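# Structural characterization, general
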Amino acid sequence: DVSSPKHGKVDPDNMPHVGGNTWAGGTGGRDTAGLGGKGGPYRLDAGHRVYQISQAEKDAIPEEVKRAAREMGEKAFKQRLKEIQMSEYDASTYERFSGAVRRQVQSLRIILDNLQ
């Protein structure tokens, strides 16, 4: 069961972690920042294969845990904006322009990676 969202511990060796309730950047776990799990405050990709839990498990998360995770994610987002000296308006403007060319940028990255 989920209890409360948290960032989680950072693995200095960046080993893949599947399931559990400890590591930041893990997959398929609970309460920690990662991918494919439930109850975490925000998505955090450590570059490993993603193991996805079922939608039924995600739907069973209590509303108070979902609310706490959203609040923690919003707080982390605002803190990151402050660190990079961006306002929320700047972030939404950036997202609007970035979103319009996202596919083209991804295609260009693939082409450049292949050329290297």
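Just so it is clear, the structure is predicted and the values come from calculations on it, not from any experiment. (Residues numbered from 1 in each chain as written. Predicted model: local features only at pLDDT ≥ 70, side-chain atom pairs only at ≥ 80, totals over all residues. Heavy atoms only, no water.)

On to the overall build of the protein chain. What the protein chain contains, in helices and strands, is 3 helices and 2 strands. Across the protein chain, helices and strands are ordered from the amino to the carboxyl terminus as β-β-α-α-α. Over its C-alpha atoms, taken along the principal directions, the protein chain stretches across nearly 45 × 35 × 30 Å. Residues classed as buried in the protein chain amount to 24% of the 116 residues present. Sequence separation of at least 24 residues holds for 35% of the intrachain contacts in the protein chain that already meet a minimum separation of 6. Put simply, the protein chain shows about 8,500 Å² of open surface, and 52% of that area lies on carbon and sulfur atoms. (Helix = DSSP H or I, 4+ residues; strand = E, 2+ residues; numbered from the N terminus. Buried < 20%, exposed > 50% of the residue type's maximum accessible area, 1.4 Å probe, protein only. Contact = heavy atoms within 4.5 Å. Areas by Shrake-Rupley, 256 points an atom, 1.4 Å probe, with all protein chains shown as cover.)

Here we come to the packing of aromatic side chains. Enumeration over the complete set of coordinates arrives at 0 aromatic pairs. Arg96 extends its terminal NZ or CZ atom over the ring of Phe97, reaching a point 4.9 Å from the ring centre. (Phe/Tyr/Trp six-rings, centres within 6.5 Å; stacked < 30°, edge-to-face > 60°. Lys NZ or Arg CZ within 6 Å of the ring centre and 35° of its normal.)

Let us now look at the confidence of the model for the protein chain. Model confidence for the protein chain is summarised by a mean pLDDT of 94, while 100% of its residues fall at 70 or above. Looking at the elements of the protein chain, mean pLDDT is at its lowest for helix H1 (residues 55-59), recorded as 91, and at its highest for helix H3 (residues 88-115), recorded as 96. (pLDDT = per-residue confidence, 0-100.)

For His17, the location among the structural elements is in the segment before strand S1 (26-27). Within the local environment of His17, its side chain forms a polar contact with the side chain of Trp23, the two groups lying 3.3 Å apart. His17 has contacts with Asp11, Trp23, Gly26 and Thr27, leaving out every residue within four places of it along the chain. (Polar contact = N/O pair within 3.5 Å; in protein donor to acceptor, adjacent residues only side chain to side chain.)

Here Thr32 lies in the loop between S1 and strand S2 (34-35). Other than its neighbours up to four places away in sequence, Thr32 contacts Lys6, His7, Gly8, Asn21, Thr22, Trp23, Gly40 and Pro41.

On to the environment of Gly29. Note that Gly29 resides in the loop between S1 and S2. Using a relative accessible area of 17% as the deciding quantity, one classes Gly29 as buried. The spatial distance from the C-alpha of Gly29 to the C-alpha of Gly40 is 8.5 Å, given a sequence separation of 11 residues. Non-local contacts of Gly29, meaning those with residues more than four positions away in its chain, are made with Gly19, Gly20, Gly37 and Lys38.

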